[in-house]
Amino acid sequence: MDDNFLKVKNYLVDLGFDITFESEEDGVLIIHNEEEAITNLVVGVANPLVIIEQYLFSKKDASVEMYKSLLMKNQDIIHGAFVIDESGEKILFRDTLQLENLDLNELEASLNSLSLLLSEYSDELIKFSMS
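Note that the structure is predicted; figures quoted are calculated from it, not measured.

Novice: Residues and numbers for the sheet that holds strand S6 (residues 90-98), please.
Specialist: Ordered in space as S1-S2-S3-S4-S6-S5, the 6 strands form an open sheet in which the pairing is antiparallel. With partners counted over all chains shown, the strands left at the sheet margins are strand S1 (18-23) and strand S5 (81-84), one partner each. Averaged over all adjacent pairs, the angle separating strand axes in this sheet is 30 degrees, with direction ignored. Summarising the sheet, strand S2 (residues 28-33) and strand S3 (residues 38-46) pair through 5 bridges and their orientation is antiparallel. Each residue of the ladder has a partner; that of Val-28, found in S3, is Gly-44. Across the sheet, helix H2 (residues 64-74) touches strand S4 (49-58), S5 and S6, and the angle it forms with S5 is around 145 degrees.

Novice: Quick one: what's the story with unusual backbone geometry, residue by residue and with numbers?
Specialist: Residue Pro-48 is bonded to the preceding Asn-47 through a cis peptide linkage, with omega at 20 degrees. Inspection of the secondary structure puts Pro-48 in the loop between S3 and S4. Phi is positive for Ala-37, close to 65 degrees, though the residue is something other than glycine. Tracing the backbone through its elements, the reader meets Ala-37 in the loop between S2 and S3.

Novice: Mind laying out the pairing of S4, listing which residues take part and the relevant values?
Specialist: As paired elements, S3 and S4 share 5 bridges and run antiparallel to each other. Residue pairing in the sheet places Gly-44 in a bridge with Ile-51 of S4. Between S3 and S4, which pair antiparallel and follow one another directly, the connecting turn spans 2 residues. With 9 bridges joining them, S4 and S6 adopt antiparallel strand pairing. In the sheet register, Val-50 faces S6, and the bridge partner there is Leu-97.

Novice: So, H2: which residues are in play, and what are the values?
Specialist: Turning to H2, its buried residues are Met-66, Leu-70, Lys-73 and Asn-74. Along H2, the residues classed as buried sweep out an arc of 115 degrees about the axis, all on the same side. Of the exposed residues in H2, the ones pointing more than 90 degrees away from its buried face are Val-64, Glu-65, Lys-68, Leu-71 and Met-72.

About the cut-offs
- Residues numbered from 1 in each chain as written.
- Predicted model: local features only at pLDDT ≥ 70, side-chain atom pairs only at ≥ 80, totals over all residues.
- Heavy atoms only, no water.
- Pairing = 2+ DSSP bridges.
- Helix = DSSP H or I, 4+ residues; strand = E, 2+ residues; numbered from the N terminus.
- Axes fitted to C-alpha atoms, helices over the stretch in contact; angles between N-to-C directions.
- Contact = heavy atoms within 4.5 Å.
- Buried < 20%, exposed > 50% of the residue type's maximum accessible area, 1.4 Å probe, protein only.
- Arc of directions from axis to C-beta.

What follows is the structure, encoded as structure tokens:
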């Protein structure tokens with residue numbers, strides 16, 4: 001097993017995440033932790049990076065106000081940021097970490113940042129997804 005993939009997988013298990021899918025060949029883990037409000041979070045292990053992506057919602061005709069609000073909220077996020085995918089329709093949370101010196105605390109901080117964001121900003125995210 002790839003050492004980096006195994007390291008990240010073990011960290012996620014140590015942090016209490018359930019692994020619902022894994023493909024070492026593709027370097028992909030999908031994790032879940034109901035207590036943290038995290039579901040179907042994709043963790044990509046692609047040397048030299050760990051890429052963390054959480055799909056939030058889709059929006060075909062997003063307003064300038066929504067994008068402005070998301071970009072302004074990026075300033076408050078400790079780790080990671082709101083991003084849109086290539087289609088311009090999916091809103092995601094994304095963080096990128098370096099594998100070379102990745103430790104448990106750094107991965108935990110990134111995941112905690114997402115959990116905090118979801119708890120503090122959920123009303124706005126729901127509003128954006130519904131409007």
